[in-house]
Amino acid sequence: MDKIVLTAETGPQPTESLGTKVRFVPAKARSGNQWSVSDLNTYENSLQVSLSAPAHAIIGRYLLKVEVSHHPSGRAESYKLGEFILLFNPWSSEDEVYLPSQTLLQEYLMMDYGFIFKGHENWITPWPWNYGQFEDDIIDICFEILDRNLNFLNHPSKDYSQRNSVMYVCRVVSAMINSNDDNGVLQGNWSEDYSKGVNPLEWNGSVAILRQWHATGGQPVRYGQCWVFAAVMCTVMRCLGVPTRVVTNFRSAHNTDGNLTIDMFYDKHAEMMPWERRDKIWNFHVWNECWMTRKDLPPGYDGWQVLDPTPQETSRGVFCCGPASVRAIKEGDIQLAYDTAFVFAEVNADEVIWLQESGQVKEILSHNTNAIGKKISTKMVGSDDRQDITNSYKYKEGTTEERNVFMKASRILLGPIGSSSYPYMERMRTAWFQEKPVKLQLKLAKTPEWGQDLAFFLRARRLQGSEMGIEQLLLNVWLSAQALLHGGNAQTPLWRDKLSFSLVQGEEKELLITLPFINYKDHISDEKLIRLSGVVEIGQTRRKLLVMKDVSLELPHFTIEVSGPAVVNKKLGVSVTFTNTQAETLQNCVLMLEGSGLIDGRMTVNLGTIESGETIQAEVDLFPTKEGSRQLQVLLSCKEVKEIKGYKDIFVASASST
């Protein structure tokens, strides 16, 4: 009887010792968690078999061969049977990425579109995104990303041998999505000058980015910021079989010196000052969570793990971050791998605001223990709504548990309380914690709309029992407005004001203040975010207080309508209607449409100039190629406004059902 041996090989120079080559013989049934061939069925000139791979097998593209040894001559012949692709398998209980919920798998693996949440903690905007992990060429591009990483370029066979570890693959992808160390997928840019590439706000999805990277031979695509990095990584990880979601942390700290405090600086005229230290607070920051077991950690740290492809700091010499256990972050176990201390600071650091005069730090204006890590968000399962997952990352602000965890992490980072390396505790002992004599608040008078004057109130209430020896408390107020960039930095003031008034015991005053549109029209970033700040000096004591508010300007909207039911391979009319409600003309307007299963790639419609008060209607025809739930993403970009965005959920019926 002839003897049959099958061989599966992956990677360059495959060897059995590295696990990149395996030999196995047919059996009557699958035998355990190992390579096996079973369910043999022979036909005249063919052999049909079922091939099974172990959960710890290396992912990638395999070459399958069969070797037939003829009896009784012993003559052996080898035949190439073909290629197959092996991915992580979250449906298998033996796999590192096993997720025992069909509902969650549908959301975090099979869903090829979704939402990323942007903006500000008080103005959260859902940003539709086309992940497109099932587009025909994306799996090949994902493997190309793995094959261009530094480990592969230096030691290709060793790199391949480690691709059975989801932790290893996640770290490689986290590094390769950015281009800081290599020819990764995206080049970051936070300069506000995107003339040599694409403004990050103008991307609708991952597919165009990945295809451009591939088409140019692996040249980094210009440009990305955090939500673009995270969205592209989500596409790659879902394509490789890893349940993945995109998470937004509002007011996210970037703590470079490891002291769990973010120091910000103001001058006496309420201007937020630049500083040589690299600490910052992002308006929001976006990362990924991937689902996996953590065999390298003690029990209890499996599940969601933070991966961050945005290049902020190096991890073991490379710009990547994670996987960091979300459970470890919540419990303050920041000594656990990987980069847990850095992510802990992103959601837990304290904000300390200093008064600076003539280059010297004078006093602390504010110390906020709950200003960082707000409304941590992801897309809700089976819904277009936002899910708040803050309690997965930390205990409720102000509770004993939350402060205990903070102190636990501080001791790990800084040593015993009271040591010279523990400046936080020294600050806690200083006199600036004394009761403030006045409660201050900046409050919007109406919805802040781009193109309109910004009206707000300064509310001041003198607290009972404060400064008892002073009958009329004199308040001198310096106000400023600055364009706030995504990275937390501020531009030079675009508006200033000064006023004075007095308060008696228990008195409250509310002053209406207006920031004219002409002042901010040409001076704010594409994010349309303004920081209002006020430094209040008490005339009799010279003590200074700070009040501030971030304002996100609301943009115009458009409507999307479809004509009739959507059916595979049949024309579907789409109409986009937009009215320019601004007092200004909008120039160089372009409509960009994208959606997996609806459009192959991207569709662009030039709209030209839209006058104030003018309504335009753009009509396009789509020919859906995939059935089921689909999402059409639409972006209207103009010279004046870059991120007027909307979406339309569309259910596509199969051609046979009509």
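Look above for the structure.
Counting of residues starts from 1 at the beginning of each chain's written sequence and follows it residue by residue. Totals for whole chains, interfaces and linings use every residue, but because this is a predicted model, local features are given only for residues with pLDDT of at least 70 and side-chain atom pairs only at 80 or more, for both listing and counting. Processing note: side-chain calculations cover all non-hydrogen atoms of the structure and skip hydrogens and water entirely.

## What about the nonpolar core?
Turning to step 1, where the next piece is worked out: The biggest cluster of nonpolar side chains holds 64 residues, and the ones touching the most others in it are Leu515 and Leu632.
Turning to step 2, where the next piece is worked out: Of the residues forming this core, the biggest block, 6 residues, is contributed by strand 22 (residues 473-483).
Turning to step 3, where the next piece is worked out: Whether two residues touch is decided by their heavy atoms; if any such pair falls within 4.5 Å, the residues are in contact. Residues contacting Leu632, with those up to four places away along its chain left out, are Ile560, Val574, Leu593, Glu594, Leu598, Ile599, Leu622, Gly646, Tyr647, Lys648 and Ile650. For our purposes a nonpolar core is just a set of buried Ala, Val, Leu, Ile, Met, Phe, Trp, Tyr and Cys residues, chained together by side-chain atoms within 4.5 Å. Throughout, exposure labels follow a simple rule: accessible area from a 1.4 Å probe, protein chains only, divided by the maximum for the residue type, with under 20% read as buried, over 50% as exposed, and the rest as partly exposed. The helix and strand labels rest on DSSP assignments: H or I over at least four residues marks a helix, E over at least two residues marks a strand, and numbering proceeds from the N terminus.

## A closer look at the pairing of strand 12 (residues 261-266)
Turning to step 1, where the next piece is worked out: Most of strand 12 is tucked away, with 6 of its 6 residues classed as buried.
Turning to step 2, where the next piece is worked out: Side chains of strand 12 alternate between two faces, with Thr261, Asp263 and Phe265 and Ile262, Met264 and Tyr266 buried alike.

## Focus: the sheet that holds strand 17 (residues 360-368)
Turning to step 1, where the next piece is worked out: Note on pairing: two strands pair once DSSP finds at least 2 bridges between them. Pairing in this open sheet of 3 strands is mixed, and the strands run 12-16-17 from one edge to the other. Whereas interior strands pair on both sides, the edge strands pair on one side only; in this sheet they are strand 12 and strand 17. Across the sheet, the mean angle separating the axes of adjacent strands is 30 degrees when strand polarity is ignored.
Turning to step 2, where the next piece is worked out: Direction of pairing for strand 16 (residues 350-357) relative to strand 17: antiparallel, over a ladder of 7 bridges. Residue Leu355 lies in a different strand from strand 17, and its bridge partner there is Glu363. Axis lines are fitted through C-alpha atoms, for helices just across the contact stretch, and the angle between N-to-C directions can take any value from 0 to 180 degrees.

## Notes on the packing of helix 5 (residues 166-177) against helix 7 (residues 226-239)
Turning to step 1, where the next piece is worked out: One way to put it is that helix 5 packs onto helix 7 with a least axis distance of 10 Å and a crossing angle of 140 degrees. By the angle between their axes, helix 5 is oblique relative to helix 7. Read as a crossing pair, helix 5 and helix 7 show a hand that is right-handed. Here helix 5 contributes Val169, Cys170, Val173, Ser174 and Ile177 to the contact with helix 7, which in turn contributes Phe229, Val232, Met233, Val236 and Met237.
Turning to step 2, where the next piece is worked out: Side-chain classes are defined by residue name, with Ala, Val, Leu, Ile, Met, Phe, Trp, Tyr, Cys and Pro counting as nonpolar, Asp, Glu, Lys and Arg as charged, and the others, Gly among them, as polar. Of the residues assigned to the contact of helix 5 with helix 7, the class counts are 9 nonpolar, 1 polar and no charged. The cut-offs work like this: below 35 degrees is roughly parallel, past 145 is roughly antiparallel, 65 to 115 is roughly perpendicular, and the gaps in between are oblique. Crossings are sorted by hand: turned counterclockwise from the far helix by less than a right angle, the near helix makes the crossing left-handed, and turned clockwise it makes it right-handed.

## Overview of the pattern of salt bridges
Turning to step 1, where the next piece is worked out: By definition, a salt bridge exists where a carboxyl oxygen of Asp or Glu is found within 4 Å of a side-chain nitrogen of Lys or Arg. Enumeration according to the criterion identifies 34 salt bridges in this entry.
Turning to step 2, where the next piece is worked out: The closest approach of N and O atoms between Arg171 and Asp339, which form a salt bridge, is 3.6 Å. On the criterion of sequence distance, the pair formed by Arg171 in helix 5 and Asp339 in the loop between helix 8 (326-331) and helix 9 (340-348) is long-range, its members being 168 residues apart.
Turning to step 3, where the next piece is worked out: Arg171 sits in the buried class, given a relative accessible area of 14%.
Turning to step 4, where the next piece is worked out: Since its relative accessible area comes to 23%, Asp339 is described here as partly exposed.

## Digging into the sheet that holds strand 21 (residues 454-462)
Turning to step 1, where the next piece is worked out: Reading across from one edge, 20-21-24 is the order of the 3 strands in this open sheet, with antiparallel pairing throughout. Two strands lie at the open edges of the sheet, namely strand 20 (438-444) and strand 24 (508-515), each paired on one side alone. Direction aside, the axes of adjacent strands within the sheet are offset by 20 degrees on average.
Turning to step 2, where the next piece is worked out: Pairing between strand 20 and strand 21: 7 bridges, direction antiparallel. Along strand 21, the bridge assignment pairs Val438 with Arg462.

## Brief notes about the side chain of Arg251
Turning to step 1, where the next piece is worked out: Tracing the backbone shows Arg251 in strand 11 (residues 244-254).
Turning to step 2, where the next piece is worked out: Exposure remark for Arg251: the relative accessible area of 9% places this residue in the buried category.
Turning to step 3, where the next piece is worked out: Side-chain atoms alone can form a polar contact between residues adjacent in sequence; in general such a contact is a pair of N or O atoms within 3.5 Å, and within protein one must be able to donate a hydrogen while the other accepts it. In terms of polar contacts, Arg251 uses its side chain to reach the side chain of Glu351, at 2.9 Å.
Turning to step 4, where the next piece is worked out: A polar contact is formed between the side chain of Arg251 and the backbone oxygen of Ala371, at a distance of 2.8 Å.

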